[in-house]
Amino acid sequence: MVNWGVYEAYRQRKKRLTIDYDGLTDGLKKGIGIEVLTGNKWYRVPTDYGEKVRDNGEPINHNGSPPRPGEAKEPIDCLVVACKSNQAFNGIRSLKSRLSSNSTIMLVQNGLGVAERLNQFVFIDPNRRPNYLHAVFSHGMDKKDMYNVKYKTLGTTSIAPPASREITLAKPEDDTSWAPSMKYLTRLFTLTPSLVAFANTPTNVLMYQLEKLAVSSVIDPLTALNDCRNGDLLYVESVSRLMRLLLLEISRVIMAFPELQGVPGLEDRFLPERLRRLVVAEVNRTRKNTSTMLHDVNNRRGTEVEYLNGYIVRRGEELGITCVINYMMKHLIHAKQQIYNRAESEAIPIDSDFEMQDSSHLTGPQITTSLPPNTTKARQSMPDSSKSP
Ligand SMILES: CC(C)(CO)[C@@H](O)C(=O)[O-]
């Protein structure tokens, strides 16, 4: 958990994580080991920590020495990271000393480019780098509160290692080079019925991820900039025009990806018009919702924009394709955050340790932690995304 406030909310909820399936609640009550992040260190929380009574009402006698959290240092074999891309980068960075070339990190995000940036800035030595798996989740869920989700529509979980950027047309995709922790994690997922998980090919998983990225790269910044619900984007002529321009660039970049060359049906699948239909379907499906980027901007948190539009801009640059509309979107989001922060520079609510540790320039405006408790100050955001974290 990313701070003690999050742990306290979990404790108040009687340590229950619940999934609501059509009114039937599946509560997971016990046996979950919890670690909490504080000052860039993870602490393992003893089961009785902060408790005076057991679940059955019996008082707990700590014999004068209540259990205290100790720093968690054990190596991690398998790590599943299902938070937003900017948080994933910072969270994994804080676990660096516990991850090795025997570990596997499963990344489950709408944004792309987390593994690349981890390799560039955190796991710089290729021989000591953990393995990665990507997972794409298509189950429909609604978050009711922090520990309670409602399961809405059946989907699947598709898993694969990252696709290679080298052109490997004739090379079959096999698992002979998979580390034991990659095989273990994949088996664990595929043997869990409710996840409907299966091992897929790297290119198939990448294409699912790119569809999600295209959809989020349109809906998230447009709703965050217009401060509106997803459904408000429909039937607005100026929005439709912007949507088409964004998707023209996104489609062009994706079709030039070296790792997708030769994939049958690529041109049809990533045609701007097909992507537009995906966006409109998602806007309709989530029309009453506010997007995560709008939430983040309004709550003065870092956003995923560098892993959505920013990813397209960076991949476009590598391929010689200039993406001015996506570049403008990401800078409009950064600008909005910087303007908010400057206006409130003496009173930014700090919402979590996680964000405070987010020293990444990727997430826009930053908050310094070296000030006295009641004084906060806007951090300067770096002018561009692609230098150092
Ligand atoms: C807009 C969205 C619903 C697309 O799936 C998602 O990216 C979100 O909530 O930000």
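Notes on the structure in this doc start here. All of these numbers come straight from a predicted model, not from anything done at the bench.

Some words on the pattern of salt bridges
Under the definition given, this model contains 23 salt bridges. Counted as one network, the salt bridges with shared partners bring together Glu-116, Arg-165, Glu-259, Arg-315 and Glu-318.

A word on the packing of aromatic side chains
In this structure the tally under the stated criterion is six aromatic pairs. Between Tyr-7 and Tyr-10, the aromatic rings sit 6.2 Å apart at their centres with planes inclined by 55°, giving tilted as the arrangement. A residue pair is termed a helical-turn pair when its members lie 3 or 4 positions apart in one helix, as Tyr-7 and Tyr-10 do in helix H1 (residues 4–12) at three residues. With a relative accessible area of 3%, Tyr-7 lands in the buried category. Judged by relative accessible area, which is 3%, Tyr-10 ranks as buried. A centroid spacing of 5.1 Å and a plane angle of 40° characterise the contact between Tyr-21 and Tyr-151, whose relative ring orientation is tilted. One end of the pair, Tyr-21, is in strand E1 (residues 17–21); the other, Tyr-151, is in strand E10 (residues 148–153), and 130 residues separate them in sequence. Since its relative accessible area comes to 14%, Tyr-151 is described here as buried. Among the aromatic side chains, those forming a connected cluster through ring pairs are Trp-4, Tyr-7, Tyr-10, Tyr-49 and Tyr-147. Taking the ring centre of Tyr-340 as reference, the NZ or CZ of Arg-300 above it sits at 4.0 Å.

Structural notes on the site of the ligand
Close contacts around the ligand come from Asn-110, Ser-216, Ile-219, Asp-220, Glu-282, Ser-291 and Thr-292, and that covers them all. Between the ligand and the protein, one listed contact pairs an oxygen atom with a side-chain N or O atom of Glu-282 at 2.8 Å. Within the side chain of Thr-292, one N or O atom sits 2.5 Å away from an oxygen atom of the ligand. Expressed as a share of its isolated accessible area of 290 Å², the protein-covered part of the ligand is 81%. By residue number, the principal contributor to the shell around the ligand is helix H5 (residues 202–226), which donates three residues. A per-class count over the shell around the ligand returns one nonpolar, four polar and two charged.

Rules used in this analysis
- Residues numbered from 1 in each chain as written.
- Predicted model: local features only at pLDDT ≥ 70, side-chain atom pairs only at ≥ 80, totals over all residues.
- Heavy atoms only, no water.
- Salt bridge = Lys/Arg side-chain N within 4 Å of Asp/Glu carboxyl O.
- Phe/Tyr/Trp six-rings, centres within 6.5 Å; stacked < 30°, edge-to-face > 60°.
- Helix = DSSP H or I, 4+ residues; strand = E, 2+ residues; numbered from the N terminus.
- Buried < 20%, exposed > 50% of the residue type's maximum accessible area, 1.4 Å probe, protein only.
- Lys NZ or Arg CZ within 6 Å of the ring centre and 35° of its normal.
- Near = heavy atom within 4 Å.
- Polar contact = N/O pair within 3.5 Å; in protein donor to acceptor, adjacent residues only side chain to side chain.
- Areas by Shrake-Rupley, 256 points an atom, 1.4 Å probe, with all protein chains shown as cover.
- Nonpolar A, V, L, I, M, F, W, Y, C, P; charged D, E, K, R; others polar.

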